[in-house]
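# Observations on chain architecture
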There are 2 protein chains.
Amino acid sequence: MPNHQVPLDRVFHALADPSRRAIVERLTAGPASVSELARPLRMTLPAVLQHVQVLESSGLVVSEKAGRVRTCRVEPAALRAAEVWLTARRTAWERRLDRLDDVLAGATEPTTTEEDRP
Amino acid sequence: MPNHQVPLDRVFHALADPSRRAIVERLTAGPASVSELARPLRMTLPAVLQHVQVLESSGLVVSEKAGRVRTCRVEPAALRAAEVWLTARRTAWERRLDRLDDVLAGATEPTTTEEDRP
DNA sequence: GAAAAAGTTAAGCAATCCCTTGACTATTGG
DNA sequence: CCAATAGTCAAGGGATTGCTTAACTTTTTC
């Protein structure tokens, strides 16, 4: 069982805040400066900067400064890492349901049970 | 405008904790009692119960008590809600890149690339 | 019916989160 | 130059988290 859990904590934590999700949504439409990100966000600039830093530390966003303006853009790899985890859970759940259906359909003949209970 | 953004906060927050993700992973393999969930988790039972409550409040998990044992199972709808949000962001980003490619490819001859600019 | 098993409740505590204010640094435009 | 713009740093405060211990209830089992 591969454990790429290191960044997942930060990615999900970053996405748990509505302001940060709003920032990500805005950035999927194209890069933006910190002030542009701040404008619709009813909070001070340092607060927005902190959100951007959380997003950067999660890998969801990268930014670079040119002159006096910092331009942020979304980094879809982290987005996809979270997506992959969710899809894996959902498909595992669906596969289990399928197996359950099989068992119920062929309930007359139980196959080798896979439960591990010593 | 659909307003299912209310639970997204809770869903992502719930998934931001590795113990809770471990619980979800275990539950995708089938229902389990609180004690079963607690066994691999190196923390006390009340702590696990609190995690289960967080997962329930996010809609990711449902549980019911029969006798003295509470049986938990995963509720894939919430899982899918998070998946949907992530997929929407990623595809929005990809579509934007495609448009950008078009613009760059047809840079010599501005064809009908601009749709929304009167 | 006493004791074990499974869970629940309450309180408390250290760490972290989200946001603010205030001061401060660069960069740019006139 | 000088002042507006864009961002940054530092400190702090109130709320929330993630755990713990201790006491308790409700089943089940012997």
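Conventions we followed
Residues numbered from 1 in each chain as written. Chains lettered and ligands numbered in written order. Predicted model: local features only at pLDDT ≥ 70, side-chain atom pairs only at ≥ 80, totals over all residues. Heavy atoms only, no water. Pairing = 2+ DSSP bridges. Helix = DSSP H or I, 4+ residues; strand = E, 2+ residues; numbered from the N terminus. Least-squares fit on C-alpha atoms with pLDDT ≥ 70 in both. Contact = heavy atoms within 4.5 Å.

As annotated in an unreviewed UniProt entry, chain A is ArsR family transcriptional regulator from Micromonospora globbae.

## A few points about the pairing of strand β3 (residues 69-74) of chain B
Moving residue by residue along a regular strand, the side chains alternate between the two faces of the sheet. Residues and elements named next belong to chain B. Pairing of strand β1 (residues 32-33) with β3, which is carried by two bridges, proceeds in the antiparallel orientation. Each residue of the ladder has a partner; that of A32, found in β3, is C72. Of the strand pairs in this sheet, strand β2 (residues 61-66) and β3 are connected by six bridges, and their pairing is antiparallel. Considered in β3, the bridge of V61 is made with V74. Hairpin geometry of β2 and β3 is characterised by an intervening segment of two residues between the two adjacent antiparallel strands and by a positive phi of about 65° at G67.

## Comments concerning the relation of the copies chain A and chain B
Taken as rigid bodies, chain A and chain B are interconverted by a rotation of 180° and an axial shift of 0.0 Å, the fit giving an RMSD of 0.1 Å. Classification of the inter-copy transformation places it as that of a two-fold axis. Here 100% of the contact residues of chain A are again contact residues in chain B; the copies associate through an equivalent surface.

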